[in-house]
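Spelled out from the first residue to the last, the chains are:
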Amino acid sequence: MQKRIIPVILAAALFITGLLSILSIHGLQGNARVINYAGVVRGGTQRLVKQELDGQPNDDLLLQLDGILEELDTGVGENNLDQLADEEYQDLIFQMQVLWGTLKDEIQRVRQGADGAELFRLSEEYFTLCNQAVNAAELYAEEQVDKAERDLLLLIAVFLIPVALLIWYGSVQTRKQQILKKAEAENRAKSEELERMSRDLRAPMDEIPELMYVSDLETYDLLFLNEAGRKIFGVEDLSGRKCYKVLQGKDAPCEFCTSSKLTLGENYTWEFTNPITKRHYLLKDRLLPWDGRPARMELAFDITEADAEKQALKNTLDAEQMVMECVRTLYQEHDLDQSVPIILERLGSFLGAERVYVGMIRNELLYNDYEWCAQGSASQKELLQDMPLSAIASWLPAFERQECFILEDVEKLRDSSPEEYELLSGQNIQSLAGAPLEVDGQLRGLLGVDNPPPDRIRSIAPLLQTLCYFLMLTYRRTESEQQLSHLSYYDTLTSFYNRNRYIEDSAAFSDQKGPVGIVYLDVNGLKDMNDQKGHAFGDMVLVECAGQMREAFQDANYYRIGGDEFVIICPGIDRETFEQRVAALRRRFCGDAGCSAAIGTQWAAQFKDLQQIIASADARMYEDKKDFYRRNPASNRYRHHSDEILHLADPGVLYEEIEQQHFVVYLQPKVASSDGSAVGAEALIRYQPRSGSLVMPGNFLPLLEESETISQIDFYVFEFVCSRFKEWALQGKQALPVSVNFSRCSLSQPDFISRISGLCRKYGVDKKYLEIELTETAHEADRVDMQALIRDLRSEGFMVSIDDFGTEYANLALLSTVEFDVLKLDKSLVDDVASNPRASTVVGSIVDICKKMNIQVVAEGIETEAQLSALRACGVELAQGYLFSRPVPIEEYEEKYL
C-alpha cells in the first residue's frame, strides 16, 4: 500500500508544483509584459512627446499607447497583458490614464500651435508616473515571485511531510513487516510442523482399528474420518458431509449429541449402540482445534462382544445366585412338595418362561409331578399324566448323551414327529428345553421349560443341568432319608415295626383310652437253628413266625423287638376276641413242627400303665420259655443265668472279683478289608472264676446289667486300656486305636464324661486313640440325652461308635440326628451277605449312606472269605471277625500287632 501511495503523492506533488510553476511562470511572464509594456508606454510617450514637440505628430503611436494604457488598466487587449491585482499599481495606472488624457489634450494644443512647455512638463510628470507604475509592477512581480517561491516551498513541504511520514511509516511498517515476516516464517514453520504432525497424527489415526472421527463443533461438518470409519460407513469424500448423516443416518443433529457436555481438556465417556452398524460402542469425546476451528473428536471402541460377555457374565452371576437360592431352599426344606414348586417359580421367573415343570418316570410312564406357570399361561399338569415315553422320543437321544434337549422351533417336529408336534402345539408351545434327571446313569425324569426367550434358550443348558444335579441330590437325599426312616422303624426281614417304633408307639399308646391286648412272643431254639442250619434258615423261621402272627392277628401292630422276640399290640380289642386270637396263634405254632414259640399274653380294660401290661406278658412268656428249655436240655441257650455267676450281682463280690483279677481284657483286631493290615482293636471282657475256666460276656453281662453293677466292669476295662497305652508309650510301641464298650448304666451317670477324661489325663493317653462304643441297649438308657452325650463325647476329643447296627437294638434314627464317627454292622447282617442278595443290598445301602455322612463302617463277625468279598463289593473298608483273629489276650495282641 505504501509503495503505491508514495509514488501517487510524489506524482501529485510534481503535477501540482509543475502546474503551480507554470502558473507562476505564466504570471511572471504576464507581470514581465506588464512591466515591459509599462516601460513601452513610458518610452513611447517620450518619443511621442518628442515628436509632437518636434512637430512630428504620430497618431499611430498615440493610438497604440492609448490601447496599451487601456490594456494595462483592464487587462483586456491584443497584447495579452494581465491586470495586475495590485492597488498601488492600479492607482498609478489610473493616474496615468487621467494624466494621459491631459497629455493628449495638450498634444492637440501643441499641434494647434500652443507652447510645448506644458506638454514637456506634463510629459515629465507622466514619465514619473510611468516609472512609479513600472516600479510598482516590478515590486508586484517580485512579490509574486516570492509568493510563488513560498507557495512552491510550502507545496513541496506539504508534499514532503506526508512523504516523510509515509517514509517513516513505511520504515515502521517495514520493520513490522519484517517482524511479521519473521513471525509468518515462524508461523509457517510451525504450520508446516503442525501440518507434518497432523499428517503424522492422521496416519496412525487411520491405522488404528477403532473408529475415529472429527466434526465441526458448530456446523457438524465431518472434518476427518479414519480408514476404519470410512470402511464401516462406506465413505470416501467428506466434503460437505454432516456427522449425524454419515454416522447416525439422521437428517438433523442428534438429540443425544454430547457437544454441550464437553469441557476443554477433559474426556467425556459414554456408551451407545449405533443404529447403522448395530454395534455397541464405548465412546470418548474431546474438544480440540482442527485446522483453525473448534472441533469435536470422538473415538469409538467396539465393545459389543465385551458387552455381550459382560451381560453373559451378569446372567451367569444372576443364574448362580438363583441356583444358590434354589440349593438353599432344597437344603433347608426337606419336603419336595414344598421346595420344588419354589424352585420352579424361581427358575421360570428368572428365564422369563411361560411354564416350568418336573416330570418323573414311573413304570415306563411319565408323570408331570410339579408345574409352575407364568401369569396368563394355562396349566397342563392334569393333561400330562401317564404319558408313554414315546411322547418325548425326540428328547431321549440327547438324554442318553447326558445333554439337554433344545427345540427352538416346534414346527420342526411337524413332519418328523407328528405325535409329539400335536402334543406340544396343543399346549401353545413354540420352543422348549429339557434336561434329564438321572441317578447313576439311569433316566428318572426331566426338567422342562416351555417358551423361554430366544436369547436365553441358547445358553440355558448349563443352568438346567446344574439345577437337575441338585434336584437329583435332593431326590436321592429324600430317598435316603425315607430309606433311613424305614430302616429306623421297620425290620427288614419280617417287615414288622422294629424296636425304635415299639418304644415310640408304647409311649404314644399310653395316652389312649379303651381296652388293649398284648402278645409277647419269643421263637424257641433260634440260636440252635442258626448254629446248626445257618442264619438263612433261621431267617426263614422268623419270616414264617411273622406270617403266623399276621394270620392270627389282623389289624394289629406287630413289632420285632429282638432277634427272636416279638410283641403284638392290639388296641381297642375286647377280651373275648383277644383270647380267641391268642388261642388261634397257639394252635398255629403247635401245628408247625419247624416253628416253635414261647407266648405270653395280657389283656387290660384300659391302656393305663401299658408298660406294666407288657411286662406281665413278658413274664408269662418267660414261664412258657422255661418249659421249652426244660424239655430241650441240650440247647446251648438259656435265658436266665447259671448259678456260677449269680453271685456277681452283688456289687461287693464283683469288686472283689475285679481286684483279684478274675476279669481279664482281651483285644480283637480290626483290619483293613483290602489287605488285612491291623488298624485298631476292640476291648472285650472275659470272666475267669478259676484257672482253666473262662466265661464269655454273654453269660454274665446281662446279669450285671439287670443288677446295675455293670459300670464297674465298664470303667475297669477303660482304665485297663488306658494303662496299657501308657505302657506301650513307655516301651516305644506305636499303638493303634482301641474301642471300649459302655453300658446304659454307665452312660446315665452324670459324671461319665469327666470320669473317663480324668482317666485319660491320669495315664497320659491321647483321646484320639480311644473309641467309645455305645452298646446295643444304649438307646434305652434312662435320663440320657443320647444326642447331647454323643456330641459332648466328640467335642471332648473321643471317637464315638454305634455298635450292633442291624440288630433289634440299633438306634437307626441316630444316623439322621447325630454326628458320630464309626458304625459297626452286626454279625446278623454279615452272616448271609454272601448268599442273600437282600442282605447285600441292605449293607450296600447302609455303606452308601455312611460314606455320604463321612462315617466309617466296620463289619464285625466275619468268618469266611465269601463274606469278606461280598462286603468289599458293598464298599466296606474295615473288618473284624474270626476270619482274621479271635479276641486274644493282651500279650498276644502286643506281640502280633504292635
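What you are looking at is a predicted structure, and each value in this text was computed from that prediction instead of being measured.

Focus: the overall build of the protein
Assigned secondary structure in the protein consists of 29 helices and 24 strands. For a compact globule of 898 residues, the expected C-alpha radius of gyration is about 29 Å, and the protein comes in at 70 Å, more than 25% above that figure. Put simply, 62% of the contacts in the protein that link residues at least 6 apart link residues at least 24 apart. Entry remark: accessible area of the protein is about 46,400 Å², with carbon and sulfur atoms responsible for 51%. Averaging the locations of the 92 positively and 143 negatively charged side chains of the protein gives two centres separated by 4 Å.

Points about a nonpolar patch on the surface
A cluster of nonpolar side chains, Phe-15, Ile-16 and Leu-19, forms an exposed patch at the surface whose accessible area comes to about 280 Å². Here Phe-15 lies in helix H1 (residues 2-53).

Some points on the sheet that holds strand S4 (residues 280-290)
Strand order in this open sheet of five strands is S2-S1-S5-S4-S3, and the pairing throughout is antiparallel. Of all the strands in the sheet, just strand S2 (222-225) and strand S3 (268-273) have a single pairing partner and so form its edges. Between one strand axis and the next, the sheet turns through 25 degrees on average, direction left out of account. Examined bridge by bridge, strand S1 (residues 211-216) and S2 share three bridges and lie antiparallel to one another. Each residue of the ladder has a partner; that of Tyr-213, found in S2, is Leu-225.

Overview of the state of the cysteines
Under the defined criterion, the tally for this structure stands at zero disulfides. With no disulfide of its own, Cys-326 lies closest to Cys-468 among cysteine sulfurs, the gap being 12 Å. Cys-874 forms no disulfide, and the closest cysteine sulfur to it belongs to Cys-850, at a distance of 12 Å. Here Cys-874 falls in the buried class, since its relative accessible area comes to 11%.

Examining the pattern of salt bridges
Counted by the stated rule, this structure contains 32 salt bridges. Members of the salt-bridge network, linked through shared partners, are Lys-670, Glu-682, Glu-771, Glu-773, Lys-824 and Glu-860.

Quick notes on a negative patch on the surface
A surface patch of negative charge is lined by Glu-87, Glu-88, Asp-91, Glu-138, Glu-142, Glu-143, Asp-146 and Glu-149. Taken together, the elements giving at least two residues each to the negative patch come down to helix H3 (87-111) and helix H4 (117-207). Counting residues per element, the negative patch draws most heavily on H4, which supplies five residues. One can find Asp-91 in helix H3. Residue Asp-91 is classed as partly exposed on the basis of its relative accessible area of 40%.

Some words on the sheet that holds strand S14 (residues 565-571)
Read from one edge of the open sheet, four strands run S13-S14-S12-S15, paired in antiparallel fashion. The open sheet terminates on both sides in strands that have one partner only, identified here as strand S13 (557-560) and strand S15 (597-604). When the angles between neighbouring strand axes are averaged without regard to direction, this sheet yields 15 degrees. By the bridge criterion, seven bridges tie strand S12 (residues 516-523) to S14 in an arrangement that is antiparallel. By the bridge assignment, Asp-522 is partnered in S14 with Glu-565. Contacting S13 and S14, helix H14 (residues 499-509) crosses the sheet at an angle of about 135 degrees to S13. Strand contacts of helix H17 (residues 575-590): S12, S14 and S15, with the helix running at about 180 degrees to S15, the strand carrying the most contacts.

A look at the pairing of strand S11 (residues 442-450)
Here strand S6 (residues 355-362) pairs with S11 via six bridges, running antiparallel. When the bridges of S11 are listed, Tyr-357 appears paired with Gly-448. Strand direction decides the pairing type here: strand S10 (residues 432-439) and S11, joined by eight bridges, are antiparallel. The residue of S11 that forms the bridge with Glu-438 is Leu-443. The turn joining S10 and S11, which pair antiparallel and follow one another in sequence, is formed by two residues; a positive phi near 55 degrees is taken by Asp-440.

Brief notes about helix H11 (residues 418-425)
One full turn of an α-helix is made of 3.6 residues, so residues set three or four places apart face in the same direction. Of all the residues in H11, the buried ones are Glu-420, Tyr-421 and Leu-424. Down the axis of H11, the buried side of the element spans an arc of 105 degrees, and every buried residue falls inside it. In H11, the exposed positions angled more than 90 degrees off the buried face are occupied by Glu-419 and Glu-422. Buried residues in H11 make contact with strand S9 (405-407), helix H10 (413-416) and S10.

Here's the deal with the nonpolar core
Membership of the largest hydrophobic core comes to 80 residues, with the highest contact counts inside it found for Phe-663, Phe-718 and Phe-752. Of all the elements, helix H21 (residues 710-730) adds the most residues to this core, at ten residues. If sequence neighbours within four positions are ignored, Phe-718 has contacts with Val-740, Phe-742, Ile-756, Leu-759, Cys-760, Leu-770, Ile-772 and Phe-798.

Here we look at the packing of aromatic side chains
The tally for this structure, following the rule as stated, stands at 28 aromatic pairs. Ring plane angle 65 degrees and centroid distance 5.7 Å describe the contact between Phe-715 and Phe-742, whose orientation is recorded as edge-to-face. Of this pair, Phe-715 sits in helix H21 while Phe-742 sits in strand S18 (residues 738-742), and the two are 27 residues apart along the sequence. Residue Phe-715 shares its accessibility class with Phe-742, and that shared class is buried. Connected via pairs of aromatic rings, a cluster forms that spans Phe-715, Phe-718, Phe-742, Phe-752 and Phe-798. Here Arg-501 stacks its cationic end above the ring of Tyr-497, 4.0 Å away from the centre of that ring. Looking at Arg-755, its charged tip hangs above the ring of Phe-715, at a distance of 3.8 Å from the centre.

Quick look at the side chain of Asn-226
Along the chain, Asn-226 turns up in the loop between S2 and helix H5 (227-233). Engagement of the side chain of Asn-226 in a polar contact is seen with the backbone nitrogen of Gly-229, the distance being 2.9 Å. The contacts of Asn-226, once residues within four sequence positions are left out, are Met-205, Asp-206, Ile-208, Glu-210, Leu-211 and Met-212.

Describing the confidence of the model for the protein
Here the protein averages 82 in pLDDT, while 91% of its residues score no lower than 70. Confidence scores differ between elements of the protein, with helix H25 (residues 814-817) showing the lowest mean pLDDT of 70 and helix H23 (residues 752-763) the highest of 95. Note that pLDDT drops below 50 for residues 634-641; the model gives that stretch 18 contacts with residues more than four away or on any other chain. Counting interchain partners and residues more than four positions distant, the pLDDT-below-50 stretch residues 776-781 has 18 contacts.

Comments concerning the packing of H23 against helix H24 (residues 786-796)
Orientation of H23 relative to H24, taken along the N-to-C sense of each, is 25 degrees, at an axis distance of 11 Å. Classed by the angle they form, the pair H23 and H24 counts as roughly parallel. Our pair here, H23 against H24, has a crossing hand that is right-handed. In this structure, H23 uses Phe-752, Ile-753, Ile-756 and Ser-757 to contact H24, whose residues at the interface are Leu-789, Asp-792, Leu-793 and Glu-796. Its residues assigned to classes, the contact of H23 with H24 comprises five nonpolar, one polar and two charged.

Quick look at the environment of Met-529
Topologically, Met-529 is positioned in helix H15 (residues 526-533). As for Met-529 and Glu-78, which are separated by 451 residues in sequence, their C-alpha atoms are 192 Å apart. Those residues within four positions of Met-529 in sequence are excluded, and the remaining contacts are Val-523, Asn-524, Gly-534, Phe-537, Val-541 and Gly-594.

With respect to the environment of Ser-691
As for its position among the elements, Ser-691 is in the loop between strand S17 (678-687) and helix H20 (697-707). In this structure Ser-691 comes out as exposed when scored by relative accessible area, which is 76%. Expressed as a C-alpha distance, the spacing of Ser-691 and His-662, which sit 29 residues apart in the sequence, is 9.3 Å.

Calculation rules
- Residues numbered from 1 in each chain as written.
- Predicted model: local features only at pLDDT ≥ 70, side-chain atom pairs only at ≥ 80, totals over all residues.
- Heavy atoms only, no water.
- Helix = DSSP H or I, 4+ residues; strand = E, 2+ residues; numbered from the N terminus.
- Rg over C-alpha atoms; globule rule 2.2 N^0.38 Å.
- Contact = heavy atoms within 4.5 Å.
- Areas by Shrake-Rupley, 256 points an atom, 1.4 Å probe, with all protein chains shown as cover.
- Lys, Arg positive; Asp, Glu negative; His and termini not counted.
- Charge placed at Lys NZ, Arg CZ, Asp CG, Glu CD.
- Patch = residues over 30% accessible without salt bridge, like charges linked within 9 Å, V, L, I, M, F, W, Y side chains within 5 Å.
- Salt bridge = Lys/Arg side-chain N within 4 Å of Asp/Glu carboxyl O.
- Pairing = 2+ DSSP bridges.
- Axes fitted to C-alpha atoms, helices over the stretch in contact; angles between N-to-C directions.
- Disulfide = S-S within 2.5 Å.
- Buried < 20%, exposed > 50% of the residue type's maximum accessible area, 1.4 Å probe, protein only.
- Arc of directions from axis to C-beta.
- Core = buried A, V, L, I, M, F, W, Y, C linked by side-chain atoms within 4.5 Å.
- Phe/Tyr/Trp six-rings, centres within 6.5 Å; stacked < 30°, edge-to-face > 60°.
- Lys NZ or Arg CZ within 6 Å of the ring centre and 35° of its normal.
- Polar contact = N/O pair within 3.5 Å; in protein donor to acceptor, adjacent residues only side chain to side chain.
- pLDDT = per-residue confidence, 0-100.
- Parallel < 35°, antiparallel > 145°, perpendicular 65-115°, else oblique.
- Left-handed = near helix turned anticlockwise from the far one by under 90°.
- Nonpolar A, V, L, I, M, F, W, Y, C, P; charged D, E, K, R; others polar.

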